[in-house]
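Structural features, examined
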Amino acid sequence: MFIDIPSELEAALIDCPLPMRELDGPFLAKSTIERYRTELTAAPSFTETATTLRHALTGEGGGYAVLRLGNLAKALRADDSRFLRLATGFAAQVAVPFSPFPRWILWKDIGVKVDKDPGKSSGIGYNAFHMDLVNATRPPDYTTLLCVRPDPLGGGRSILSDAHAAAARLPQECRALLAESAYHYGVFFDLFGVGEEYSPFPVLDGSDLEGFVRFTGKMLQRSQLGQAHADAASQLAEELVRGQVSFMLQPGDYLIVDQRRFLHGREALHSGQETVPVADRRLLLQLFLRAPAAV
Ligand SMILES: O=C(O)CCC(=O)C(=O)O
Ligand SMILES: [Fe+2]
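The rules behind each value
Residues numbered from 1 in each chain as written. Chains lettered and ligands numbered in written order. Predicted model: local features only at pLDDT ≥ 70, side-chain atom pairs only at ≥ 80, totals over all residues. Helix = DSSP H or I, 4+ residues; strand = E, 2+ residues; numbered from the N terminus. Rg over C-alpha atoms; globule rule 2.2 N^0.38 Å. Buried ≥ 20, exposed ≤ 12 C-beta atoms within 10 Å, placed from the backbone. Contact = placed C-beta atoms within 7 Å. Near = placed C-beta within 6 Å. Nonpolar A, V, L, I, M, F, W, Y, C, P; charged D, E, K, R; others polar. Pairing = 2+ DSSP bridges. Axes fitted to C-alpha atoms, helices over the stretch in contact; angles between N-to-C directions.

Quick look at the overall build of the protein now. Of regular secondary structure, the protein possesses nine helices and 13 strands. Over its C-alpha atoms the protein spans a radius of gyration of 19 Å, differing by no more than 12% from the 19 Å that the globule rule assigns to 295 residues. Across its three principal directions, the C-alpha atoms of the protein cover 60 × 45 × 35 Å. Buried positions account for 43% of the 295 residues belonging to the protein. A sequence separation of at least 24 residues applies to 79% of the contacts in the protein between residues at least 6 apart.

So, on to the site of ligand 1. The immediate surroundings of ligand 1 are formed by Ile 110, Ser 121, Asn 127, Asp 132, Leu 145, Ser 158, His 264, Arg 266 and Leu 284. Partitioning the shell around ligand 1 into residue classes produces three nonpolar, four polar and two charged.

Right, let's talk about the environment of Ala 43 for a bit. As for its placement among the helices and strands, Ala 43 is situated in the loop between helix 2 (30-41) and helix 3 (46-58). Since 19 C-beta atoms lie within 10 Å of it, Ala 43 is described here as partly exposed. Linking Ala 43 and Cys 16, residues 27 residues apart in sequence, is a C-alpha distance of 8.3 Å.

On to the sheet that holds strand 10 (residues 245-247). The four strands lie next to each other as 7-12-9-10, forming an open sheet whose pairing is antiparallel. Every interior strand has two partners, whereas the edge strands, strand 7 (127-130) and strand 10, have only one. This sheet shows a mean twist of 15° between the axes of neighbouring strands, independent of strand direction. Across five bridges, the pairing between strand 9 (residues 158-162) and strand 12 (residues 262-266) is antiparallel. By the bridge assignment, Ser 161 is partnered in strand 12 with Leu 263.

Everything listed here is a matter of coordinates, which is why it stays silent on function.
What follows is the structure, given as structure tokens:
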């Protein structure tokens, strides 16, 4: 699931100035996608690398990938717009980049805030298994996280788990409870390209292999759920942990997750974050993708 960039491709990409992107509402414009594709496919080994990436995401047993863009991040600086355009160009080989949030143009910062709810995005604690935008009727098909800086104190490993495999290990009664529209989480406002608010929602939607597993571990503490439904969700949470893989994202690593197959989360950052200057703290950038057929 880790994909290295061949050195001849890295060399070509450093000198491949992609133009500023244009937007079409919340989506990256088709004209930009075509322009990026034309520029990038001219680089040696780009087409093969993009094929490897798509295969890692869509092939049997697949569902996530980490593109190792660290050398490019070093050469261009990980938070430089030229580097972000290259990452956007790779993402656009998978699906259409978009931003559901009016505040962010495509890339959203996930920094570290010591006084935030520790279990949430940019908190310092354990961020339990979840899918992003779980309470939307059309969550993003892919969520992606680009690592600008890992936790300098060494915490914050990424965790991933195959959602359908975890659900399949549960007893039938438990799966039946998870298929009921008895779950809810969070608020929904001012979001683009993700449909309507979905509340209450079922965790399992019947089409066991194709559908989303609409789960977020955060609802176990933060939503009022009936006892039987909460117990079923806790069992799923346990199975997700049992099947998890974890790894530390390095600077320039670009994690792409198919939200229909894998749920994601993050282990706690190391203690002592308040002693780390804000400019040195962990920083990820998040981008969502919509599969072309569904745009
Ligand atoms: O901090 C991380 O590694 C993951 C953050 C996350 O999943 C989110 O903000 O949705
Ligand atoms: Fe997330």
